[in-house]
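# Structural features, examined
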Amino acid sequence: MSISASVLNFDLKKTAVSNRLKGLWRMMSGFRWHYLGATLSLGVAALAKTSTYLLLSYFVDHYFGNGTRPVALPLIALGFVGLAMVEGGFSFLSGRLTAQTAEGITRRLRNYLFDHIQHLTYTYHDKTQTGELIQRCTSDVDAVRRFFADQAIGVGRIILLFTINFVAILNLHPRLGLVSIIAVPFVVVTSAFFFRRVSKAYQAFQEQDAILTTTLQENLSGVRVVKAFARQAFEKEKFERENWEKFLRGKKLTRMHSLFWPASDILCGAQLMVGYIVGALMVIHGEITIGTFLAYLGLVGWIIWPMRNLGRLIVQTSTGMVSFGRVSDIIKQEREPLDEGETLPAADLRGELTFENVGFHYEEGSPVLQEISFHCRPGQAVALLGSTGSGKTTLVNLLPRFYEYTSGRILLDGVELKRYSRRYLRQQIGIVEQEPFLFSRTIKENITYGVGRDVPQAEIEAAAKAAAIHDVILAFPDGYDTLVGEKGVTLSGGQKQRVAIARTLLKNPRILILDDSTSSVDTETEAEIRDALDTLMRNRTTFIIAHRIQSIMNADLILVLDKGRVVQRGVHEELVAQDGIYRQIYEIQTRIEAELEKEITNAS
Ligand code: DUT
Ligand code: MG
């Protein structure tokens with residue numbers, strides 16, 4: 001089934017409403033005609049089935065009952081075959097339409113979720129566990145798919161089958177018709193009773209399932225830590241505990257189901273019995289013919305079937321709705337508006353930055369940055385130095401608007417940062433993150449990731465050379481086409497950092513942020529990178545975070561951060577002359593280096 005672009009682009013945000021049935025109805029947007037087609041096909045199939053029983057009744061009564069035989073036998077036989085073909089054909093059509101539609105809806109939902117999750121804010125991702133997201137995007141989405149494949153069309157099927165066969169029986173004999181629906185109210189009440197319970201049990205089960213997925217996901221990500229601390233037994237116990245809880249909740253859910261089925265079976269069985277007995281008595285008293293009774297036996301089954309399934313449907317719908325609610329929780333999260341704001345100045349950003357009493361907090365009441373003020377001219381290098389947790393990464397994360405500062409203001413080229421769109425800022429700012437992440441793709445793909453277009457090999461290599469990683473890459477069997485990660489080579493921390501530097505350099509940003517980018521390389525490589533960077537930093541505003549004074553002593557402005565405040569500022573010469581943290585760090589580092597050098601000379 002080809003789905004038009006407009007249907008695929010339907011904004012699923014509209015489905016995140018508090019009324020879940022309404023949300024599910026909106027989820028069907030663009031697919032409702034398919035459902036109507038499927039339902040109509042079902043109707044035709046149901047009519048054909050019912051007609052088969054009526055033909056049977058006609059046949060029996062005329063050939064065996066009164067022997068009038070008004071229609072030739074081959075014609076009747078042809079009728080049976082024709083009806084069977086119509087029924088089969090339309091059943092197939094309906095099944096196919098439903099399956100395709102459900103898959104279509106689910107495909108759209110998955111695509112939407114994937115895109116949506118990418119656009120959620122940093123804050124949301126900070127607070128949400130990956131395992132939880134994965135579980136909602138897989139298991140819960142699948143329950144939603146089942147709803148559309150099964151329960152959504154099921155309602156139509158049940159109503160059709162019930163109505164058509166009920167009317168047919170009423171036509172055979174009104175009293176038979178009434179007798180065959182005695183159990184309906186009981187079935188409805190029983191189903192409603194179980195609906196709430198199953199709903200609750202299923203919600204609890206899915207929540208626990210998410211916990212289990214999170215536990216597993218975390219354990220896999222941290223498997224090296226687990227091994228390093230030999231905590232396998234502890235982790236195993238933790239997993240077993242969560243798994244046991246899932247087992248218990250699963251058992252409870254199954255118990256609900258297993259109580260429901262016999263209950264509805266008893267009701268339906270009783271219904272059949274009453275129908276058969278009343279029917280048989282009516283034959284004995286000559287109120288109906290044998291043919292009518294035979295047709296009734298067939299038709300009544302198709303009244304009981306929808307009744308039983310109504311129960312199942314109601315109960316299963318509860319699970320679909322719970323899962324839909326869990327998916328909706330993600331859908332209703334606000335996206336980070338990438339394009340909101342202006343992209344001024346359209347052409348070239350100079351990269352002049354002014355911080356005026358900037359303050360920031362992740363959590364209300366615990367400020368992470370306070371009264372940060374400084375100014376840097378275009379092309380200058382600003383270095384941030386400070387103990388761990390002092391707020392260096394937080395400060396640079398404000399620039400691409402990953403987080404919004406909570407007080408004061410930041411001016412970029414004289415314009416308040418909040419007026420620029422995030423997309424624009426992120427195009428202009430290149431970050432080499434503290435813990436860079438590389439995709440399981442080739443090295444080349446990783447380096448060109450930020451540009452999103454074909455890049456001449458020479459440019460890629462220039463970036464790699466600047467990041468002092470070119471030679472390392474060439475040493476790999478497939479060079480730039482070497483796969484990184486689980487299926488390919490495993491890079492060392494320093495190599496990863498350098499690939500990440502190359503990735504950012506290739507993007508050629510106006511503002512460059514290097515967050516501790518040389519922390520996992522040796523001093524020699526660091527010097528190599530620094531030389532390369534020196535040329536690259538020319539003409540662009542750069543923020544360098546580093547722990548080695550060596551890496552930052554040439555900066556135009558050095559800010560020393562402590563507990564979120566700037567405690568010292570100036571250039572290297574000024575800061576060493578002052579009594580303060582900077583000089584302490586400098587002295588310690590030079591002493592260590594001097595001692596190391598002495599040892600090396602002594603040894604050789
Ligand atoms: N913090 C949060 N939430 C976050 C990130 C950090 O509450 O998502 C806190 C931790 C710390 C403070 O903010 O108390 C500053 O963290 P940051 O990562 O900015 O510190 P840093 O200077 O970059 O430390 P390091 O040198 O260890 O990278
Ligand atoms: Mg940091």
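Residues numbered from 1 in each chain as written. Chains lettered and ligands numbered in written order. Predicted model: local features only at pLDDT ≥ 70, side-chain atom pairs only at ≥ 80, totals over all residues. Heavy atoms only, no water.

On to the overall build of the protein chain, then. Scanning the protein chain from N- to C-terminus turns up 21 helices and 10 strands. Rg of the C-alpha trace for the protein chain: 36 Å, well past the compact-globule value of 25 Å for 604 residues, more than 25% over. Reported as C-alpha extents along the three principal axes, the dimensions of the protein chain are approximately 120 × 50 × 50 Å. Expressed as a percentage of its 604 residues, the buried residues of the protein chain come to 45%. (Helix = DSSP H or I, 4+ residues; strand = E, 2+ residues; numbered from the N terminus. Rg over C-alpha atoms; globule rule 2.2 N^0.38 Å. Buried < 20%, exposed > 50% of the residue type's maximum accessible area, 1.4 Å probe, protein only.)

Attention shifts here to the nonpolar core. Judged by nonpolar contacts, the single largest core of 42 residues is most densely connected at Ile-447, Ile-552 and Tyr-582. Only strand E3 (381-386), helix H14 (443-447), helix H15 (457-466), helix H17 (493-507), strand E7 (511-515), helix H18 (523-537), helix H19 (549-552) and strand E9 (557-562) provide two or more residues apiece to this core. A total of 6 residues in this core trace back to one element, the largest contributor, which is H17. Beyond its immediate chain neighbours, meaning those up to four positions away, Ile-552 contacts Ala-383, Leu-385, Ile-544, Ala-546, Ile-558 and Tyr-582. Counting 36 residues, the second largest nonpolar core, distinct from the first, contains Cys-376, Val-396, Phe-402 and Ile-410. (Core = buried A, V, L, I, M, F, W, Y, C linked by side-chain atoms within 4.5 Å. Contact = heavy atoms within 4.5 Å.)

Here we take up the coordination of the magnesium ion (ligand 2). At 1.9 to 2.3 Å from the magnesium ion (ligand 2) lie its protein donor atoms, namely Thr-393 (OG1) and Gln-434 (OE1). Here Gln-434 lies in the loop between strand E6 (429-432) and H14 and Thr-393 lies in helix H12 (residues 392-397), a separation of 41 residues in the sequence. Classification of Thr-393 by relative accessible area gives partly exposed; the value is 26%. (Donors = N, O, S within 2.8 Å, 3.2 Å for Na, K, Ca; no water.)

Turning our attention to the packing of helix H6 (residues 130-172) against helix H11 (residues 290-331). Contact pair H6 / H11: the axes reach a minimum separation of 6 Å and the direction vectors enclose 155°. The angle between H6 and H11 falls in the class roughly antiparallel. With respect to the hand of their crossing, H6 and H11 are arranged in left-handed fashion. Of the residues contributing to the contact of H6 with H11, the split by class is 27 nonpolar, 10 polar and 8 charged. (Axes fitted to C-alpha atoms, helices over the stretch in contact; angles between N-to-C directions. Parallel < 35°, antiparallel > 145°, perpendicular 65-115°, else oblique. Left-handed = near helix turned anticlockwise from the far one by under 90°. Nonpolar A, V, L, I, M, F, W, Y, C, P; charged D, E, K, R; others polar.)

Further remarks concern the sheet that holds E6. Across a sheet, strands are paired by hydrogen bonds formed along the backbone, either parallel or antiparallel in direction. Pairing within the open sheet is mixed, and its 6 strands lie in the order E6-E7-E8-E3-E9-E10. In this open sheet, the two strands that pair with only one neighbour each are E6 and strand E10 (565-570). Across the sheet, the axes of successive neighbouring strands diverge by a mean angle of 15°, strand direction being ignored. Pairing of E3 with E9 involves 5 bridges; the strand directions are parallel. Pairing of Leu-385 across the sheet is with Val-560, part of E9. H17 rests against E6 and E7 of the sheet, and its axis sits at about 175° to E6. Taken strand by strand, helix H21 (residues 581-603) contacts E3, E9 and E10, and its axis lies near 100° from that of E9. (Pairing = 2+ DSSP bridges.)

Here helix H3 (residues 32-65) crosses H6 at 30°, and the two axes come no closer than 9 Å. Note that H3 runs across H6; the crossing there is right-handed. Contact residues: H3 offers Tyr-35, Ala-38, Thr-39, Leu-42, Gly-43, Ala-46, Leu-47, Thr-50 and Leu-54, while H6 offers Phe-148, Ala-149, Ala-152, Ile-153, Gly-156, Arg-157, Leu-160, Leu-161, Ile-164, Asn-165, Ala-168 and Leu-172.

Here we come to the site of ligand 1. Around ligand 1 lies a shell formed by Asp-126, Tyr-362, Val-368, Thr-388, Gly-389, Ser-390, Gly-391, Lys-392, Thr-393, Thr-394, Gln-434 and His-547. Side-chain polar atom of Lys-392 to an oxygen atom of ligand 1: 2.7 Å apart, as the coordinates give it. Between ligand 1 and the protein, one listed contact pairs an oxygen atom with a side-chain N or O atom of Thr-393 at 2.6 Å. For ligand 1, the protein covers 64% of the area, taking 600 Å² as the surface of the free molecule. (Near = heavy atom within 4 Å. Polar contact = N/O pair within 3.5 Å; in protein donor to acceptor, adjacent residues only side chain to side chain. Areas by Shrake-Rupley, 256 points an atom, 1.4 Å probe, with all protein chains shown as cover.)

Turning our attention to the sheet that holds strand E2 (residues 366-376). Taken together, 4 strands build an open sheet; the order of strands is E2-E1-E4-E5 and the sheet is antiparallel. The open sheet has two edge strands with one neighbour each: E2 and strand E5 (415-416). When strand E1 (residues 353-363) meets E2, the two strands line up antiparallel, connected through 7 bridges. By the bridge assignment, Phe-355 is partnered in E2 with Phe-374.

Right, let's talk about the pairing of strand E4 (residues 407-412) for a bit. Where E1 meets E4, 5 bridges bridge the pair, whose relative direction is antiparallel. What sits directly across from Phe-355, in E4, is Ile-410. Two strands pair when backbone bridges link them, and E4 and E5 are joined in this way by 2 bridges, in the antiparallel orientation. Paired with Leu-411 across the strands is Glu-416, a residue of E5.

What follows is about the domain arrangement of the protein chain. On domain assignment, one finds that the protein chain holds domain 1 (27-331) and domain 2 (353-603). Just the C-alpha atoms count here: the centres of domain 1 and domain 2 sit 57 Å apart. Of the roughly 370 Å² buried at the junction of domain 1 and domain 2 (both faces included), carbon and sulfur atoms supply 47%. Contact with domain 2 buries surface across domain 1, with Tyr-122, Asp-126 and Lys-127 losing the most and accounting together for 88% of the total. Our count for the contact surface shared by domain 1 and domain 2 stands at 1 residue pair in polar contact (both at pLDDT 80 or more). The residue inventory of the side of domain 1 that touches domain 2, partitioned by class, reads 1 nonpolar, 1 polar and 2 charged. (Domains from an automatic or database assignment. Buried area = accessible area lost by both parts, 1.4 Å probe.)

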